[in-house]
Amino acid sequence: MAIQKPYADYDWYKVNYFGAVIPEEAFPSFAMKASYLVDGLTAGNLQSLDVTPDCVKDAVCAAAEKLYHFEQSPAKEIKSENNDGYSVTYADANEEKARDDAKTEIRVYLSTSGLLFRGCRKR
């Protein structure tokens, strides 16, 4: 099942997370991307919950900020450079690094929640 809306809204970002990096008009897009990352790391288990835990909302906000920083960054990482005919190739890994950084933030916020557990639980 696809996520219907981000796990955190802009009000949570401003009031509870104390966010000041992402402008309001840009927040839904980055929060949605971050929510998909959270969903992947939690194996989609959040979709069955009635209430989104605060740690998940904070994780979405932190990951959204990482993704926003990447989007705003004008710097490109050089993958290779040739001096003979002057050729520069830029790395495609920047976007992957941004996702990895966002996932790291998510893991920090969810590390003690049990939501990252992918194994079988005894009942």
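Predicted model, so just to flag it, every value in this text is computed and none were measured.

Caption draft 1: Examining the pattern of salt bridges more closely. Considering all chains together, one arrives at two salt bridges under this definition. The closest approach of N and O atoms between Arg99 and Glu95, which form a salt bridge, is 3.5 Å. One end of the pair, Arg99, and the other, Glu95, are both in helix H4 (residues 93-110), four residues apart, so they sit about a helical turn from each other. For Arg99, a relative accessible area of 34% puts it in the partly exposed group. Assessed through its relative accessible area of 46%, Glu95 is described here as partly exposed. Two residues, Lys97 and Asp101, come together in a salt bridge whose shortest N-O distance is 3.0 Å. In this pair, Lys97 and Asp101 both sit in helix H4, four residues apart, roughly one turn of the helix.

Caption draft 2: Fine view of the layout of surface pockets. Volume-wise, the largest pocket comes out at about 420 Å³. Taken together, 19 residues form the lining of the largest pocket, with Lys5, Pro6, Tyr7, Ala8 and Thr52 sitting closest to its centre. A per-class count over the lining of the largest pocket returns twelve nonpolar, three polar and four charged.

Caption draft 3: Highlighting the environment of Val51. Mapped onto the elements of the fold, Val51 is located in the loop between helix H2 (27-41) and helix H3 (54-72). Its relative accessible area of 63% is what places Val51 among the exposed residues. Taking the C-alpha atoms as reference points, Val51 and Tyr7, 44 residues apart in sequence, are found 9.7 Å from one another.

Caption draft 4: Inspection of H2 at higher detail. Between its first and last C-alpha, H2 extends 21 Å over 15 residues, near the 21 Å set by a 1.5 Å rise per residue. Listing the buried residues of H2 in full gives Phe27, Phe30, Ala31, Met32, Ala34, Ser35, Leu37, Val38, Asp39 and Leu41.

Caption draft 5: Expanded view of a negative patch on the surface. A cluster of acidic side chains, namely Asp9, Asp11, Glu24 and Glu25, defines a negative patch on the protein surface. When you line up the elements, Glu24 lands in the loop between helix H1 (10-15) and H2. Residue Glu24 is classed as exposed on the basis of its relative accessible area of 51%.

Criteria and thresholds
- Position numbers for residues start from 1 in each chain and track the written sequence from start to end.
- Thresholds applied to this predicted model are a pLDDT of at least 70 for local features of residues and 80 or more for the giving and counting of side-chain atom pairs; totals over whole chains, interfaces and linings are not thresholded and use all residues.
- Side-chain measures here rest on the full set of heavy atoms in the structure, leaving out hydrogens and waters.
- A side-chain nitrogen of Lys or Arg and a carboxyl oxygen of Asp or Glu constitute a salt bridge if their distance falls within 4 Å.
- Runs of E in the DSSP output that reach at least two residues are strands. Runs of H or I that reach at least four are helices, and both are numbered from the N terminus.
- A simple rule labels every residue: compare its accessible area, found with a 1.4 Å probe on the protein chains alone, to the largest value its type can have, and call it buried under 20%, exposed over 50%, or partly exposed in between.
- Using a 1 Å grid laid over the protein atoms alone, points where a 1.4 Å probe fits but cannot get out form a cavity; open sets with protein on both sides within 12 Å along at least 5 of 7 lines form a pocket; any residue with an atom within 4 Å of a point counts as lining.
- Grid points are joined across faces, edges and corners, and a volume is the space filled by probe spheres set on the points.
- For this scheme, ten residues count as nonpolar: Ala, Val, Leu, Ile, Met, Phe, Trp, Tyr, Cys and Pro. Four count as charged, namely Asp, Glu, Lys and Arg, and the remainder, Gly too, count as polar.
- Here, expected helix span is obtained from the residue count minus one, scaled by 1.5 Å.
- Distance thresholds for patches are 9 Å for like charges and 5 Å for nonpolar side chains (Val, Leu, Ile, Met, Phe, Trp, Tyr), applied to residues having over 30% relative accessible area and no salt bridge.
- For the accessible areas, the method is Shrake-Rupley and the probe is 1.4 Å, while residue cover comes only from the protein chains on display.
- The convention is simple: Lys and Arg are positive, Asp and Glu are negative, and His and the chain ends are not counted.
- For charged residues, the charge sits on one atom: NZ in Lys, CZ in Arg, CG in Asp, CD in Glu.

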